[in-house]
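The primary structure of each chain is shown beneath.
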Amino acid sequence: PLAVQAWAVLDPPALVPTLGGLLTNDALPVDQRQAIAQVLGSLNRDPAREVLLTALKSVPGNVALGVGRGLVATPRGAEQLLEAVEQGKASARLLQ
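Every value quoted in this text rests on a predicted model; they were computed, and no experiment measured them.

Can you explain the nonpolar core? Please cite residues and give values.
In this structure, Leu-23, Leu-40, Leu-56 and Val-67 are the most contacted members of the largest nonpolar core, which totals 27 residues. Looking at this core, the elements with two or more residues in it are helix H1 (2-10), helix H2 (12-23), helix H3 (30-42), helix H4 (46-55), helix H5 (61-71) and helix H6 (75-86). When near neighbours in sequence (up to four residues on either side) are disregarded, Leu-23 contacts Arg-33, Ile-36, Ala-37, Leu-40, Leu-52, Ala-55, Val-59, Val-63 and Val-67.

Please set out the layout of surface pockets residue by residue, giving values where relevant.
Estimated volume of the largest pocket: approximately 160 Å³. If you go around the largest pocket, the residues you meet are Glu-50, Leu-53, Thr-54, Leu-56, Lys-57, Gln-80, Glu-83, Ala-84, Gln-87, Lys-89 and Ala-90. For the lining of the largest pocket, the secondary structure elements donating two or more residues are H4 and H6. A breakdown of the residues in the lining of the largest pocket according to their chemical character gives 4 nonpolar, 3 polar and 4 charged.

Outline unusual backbone geometry, supporting the account with residue identities and numerical values.
We note that Asn-44 has phi near 55°; this positive angle belongs to a residue other than glycine. Checked against the element boundaries, Asn-44 lands in the loop between H3 and H4. Residue class for Asn-44 comes out partly exposed when judged on its relative accessible area of 46%.

Describe the pattern of salt bridges, listing the residues and the values that go with them.
In the structure shown here, the tally under the stated rule is 4 salt bridges. Asp-26 is the salt-bridge partner of Arg-33, the closest N and O atoms lying 3.3 Å from each other. The exposure class assigned to Arg-33 is buried, which follows from its relative accessible area of 3%. We classify Asp-26 as exposed; its relative accessible area is 60%. Each of Arg-76, Glu-79 and Glu-83 takes part in a single network of salt bridges with overlapping partners.

Conventions we followed
Residues numbered from 1 in each chain as written. Predicted model: local features only at pLDDT ≥ 70, side-chain atom pairs only at ≥ 80, totals over all residues. Heavy atoms only, no water. Core = buried A, V, L, I, M, F, W, Y, C linked by side-chain atoms within 4.5 Å. Buried < 20%, exposed > 50% of the residue type's maximum accessible area, 1.4 Å probe, protein only. Helix = DSSP H or I, 4+ residues; strand = E, 2+ residues; numbered from the N terminus. Contact = heavy atoms within 4.5 Å. 1 Å grid on protein atoms, 1.4 Å probe; cavity = no way out; pocket = protein on both sides within 12 Å on 5 of 7 lines; lining within 4 Å. Points joined across faces, edges and corners; volume = space filled by probe spheres on them. Nonpolar A, V, L, I, M, F, W, Y, C, P; charged D, E, K, R; others polar. Salt bridge = Lys/Arg side-chain N within 4 Å of Asp/Glu carboxyl O.

The following block contains the structure:
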């Protein structure tokens with residue numbers, strides 16, 4: 001969603017908690033939740049990556065794929081995704 005991307009540019013700290021809540025909201029369509037994960041990943045901020053890593057524990061597989069894509073948008077996020085898989089906190093299927 002373009003509005004979310006614009007908000008992310010203007011006020012990233014305020015956006016992270018709101019997007020985290022939307023990302024884990026089962027009432028939202030999968031494609032919207034995946035887009036939200038992409039926006040969080042593009043912020044390249046530790047709080048946004050923490051939201052993504054936390055979401056991996058509770059979102060369904062099709063949303064987790066979007067979360068993984070959001071994490072690998074940055075080198076640090078990619079490292080954290082690999083660490084999460086190694087520690088059993090994320091499914092190795094994300095890497096396939």
